[in-house]
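# Remarks on the overall topology
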Amino acid sequence: MRYAHLPGTDWNVSVIAMGCWALAGDQTWGPQDEADSIATIHAALDAGINFFDTAELYGAGLAEEVLGKALYGQREKVFIASKFNWENARYEKVILSCEASLRRLRSDVIDLYQIHWANWEVPFEETWSALEELKRQGKIRAIGVCNFGVKDLSAILSLGKPVTNQLPYGLLFRAIEYDILPLCREKHIGVLCYSPLTIGLLTGKYKAPDEVPPGRARTRHFSCSRPLTRHGEPGCEAETFAAIREIEKVAEQLGLTVVQLALAWLLAQQGVTSVVNGMRRPSQARENAAVADLTLSPEVVEQLRKITDPVKEKLGPNPDMWEGSARSRFR
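Keep in mind that what you see is a predicted model, and the values were worked out from it rather than measured. (Residues numbered from 1 in each chain as written. Predicted model: local features only at pLDDT ≥ 70, side-chain atom pairs only at ≥ 80, totals over all residues. Heavy atoms only, no water.)

### Notes on the packing of helix 7 (residues 237–254) against helix 10 (residues 298–315)
Where helix 7 contacts helix 10, the axes come no closer than 9 Å and their chain directions differ by 170°. If you check the angle between helix 7 and helix 10, you find them roughly antiparallel. Every residue of helix 10 that contacts helix 7 at E239, T240, A243, E246, I247, V250 and L254 is listed here: V300, Q303, L304, I307, T308, V311 and K314. Grouping the amino acids of the contact of helix 7 with helix 10 by side-chain chemistry returns 8 nonpolar, 3 polar and 3 charged. (Axes fitted to C-alpha atoms, helices over the stretch in contact; angles between N-to-C directions. Helix = DSSP H or I, 4+ residues; strand = E, 2+ residues; numbered from the N terminus. Parallel < 35°, antiparallel > 145°, perpendicular 65-115°, else oblique. Contact = heavy atoms within 4.5 Å. Nonpolar A, V, L, I, M, F, W, Y, C, P; charged D, E, K, R; others polar.)

Structural data, given as structure tokens:
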């Protein structure tokens, strides 16, 4: 495993982090057995992954509970990140959310506590002061944000400096490259990439748009005529699956899986601190961890960029994968 320095801290975290959303089981991921979840967390630890990312939103706290159960007695070995919901941005609710997460995680401290989405109805000053108070009390160690566009990130920087911004980023969703990633690089804010496989599209599991189940086919890649979508856009199904076919060819030529290739491409991007990928089985944890040892040539990195440029151009700079009207002020 390779480790990277988390900006603004004294900590090194694995460049592959285990995302814990799928551990809750829901309409996006489907049912998840707790025993499988715990075995996967232990396999991740054995493979050198020390970074686990969760949130109170995932299964209404269930993912945190499972993670806390699996890591009981091994807390000192790991770096835990969690998030509070946007509706809990008021001072008192931030405090209560953190304390509830600590109980579910069976921990005295959360290493990185993140604002899941910006709440524009609550002054950032109020939310940030609550986070600073939690830090003063020793209940959290560092503050991060998620899904913060340029305007929101600039506003929060007037109050203090988050150490990370967690954003959707991957070969099939490169919206942050327009404006947000350059700002994070400039301000030395670490980028944590979530949904690097774009809701499983880069797993090789789906060969055509109609094979993707409704729970996953909610992103802006898919037509708004698909059930459960909320974005109201035409989507870019043809461009997306044309890119997937070309990525699969490159992976085959290199003797890699599409998952390995997609994660390795992200690790080659300047400003990326860690790639947060969901894992549901021990084999997935081992495969993900092995990517840390891969280095793609500059030529392959550029080839993949060109392959996915049509998808990037069609989806544009909106960094929200699900909503046509962005929930982050990205410009």
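### Focus on the side chain of R226
If you trace the backbone, R226 turns up in the loop between strand 9 (190–194) and helix 7. Of note is the side chain of R226, whose polar atom sits 2.9 Å from the backbone oxygen of V212. With near-sequence residues (within four places) excluded, R226 lies in contact with P209, D210, V212, A217 and E237. (Polar contact = N/O pair within 3.5 Å; in protein donor to acceptor, adjacent residues only side chain to side chain.)

### A few points about the pattern of salt bridges
Pairing is possible between side chains of opposite charge, provided their charged atoms come close. With the rule as written, the count across this model stands at 20 salt bridges. Across the pair E99 and K139 runs a salt bridge, and its minimum N-O distance is 2.7 Å. Taken together, the residues E99 in helix 3 (residues 91–105) and K139 in the loop between helix 4 (124–136) and strand 7 (140–146) connect sequence positions 40 residues apart. With a relative accessible area of 25%, E99 lands in the partly exposed category. Among the salt bridges present, the one from R174 reaches E177, with a minimum N-O distance of 3.0 Å. Neither residue differs from the other here; R174 and E177 are each classed as buried. If you follow the salt bridges from partner to partner, you end up with R174, E177, E302, R305, D309 and K312 in one network. (Salt bridge = Lys/Arg side-chain N within 4 Å of Asp/Glu carboxyl O. Buried < 20%, exposed > 50% of the residue type's maximum accessible area, 1.4 Å probe, protein only.)

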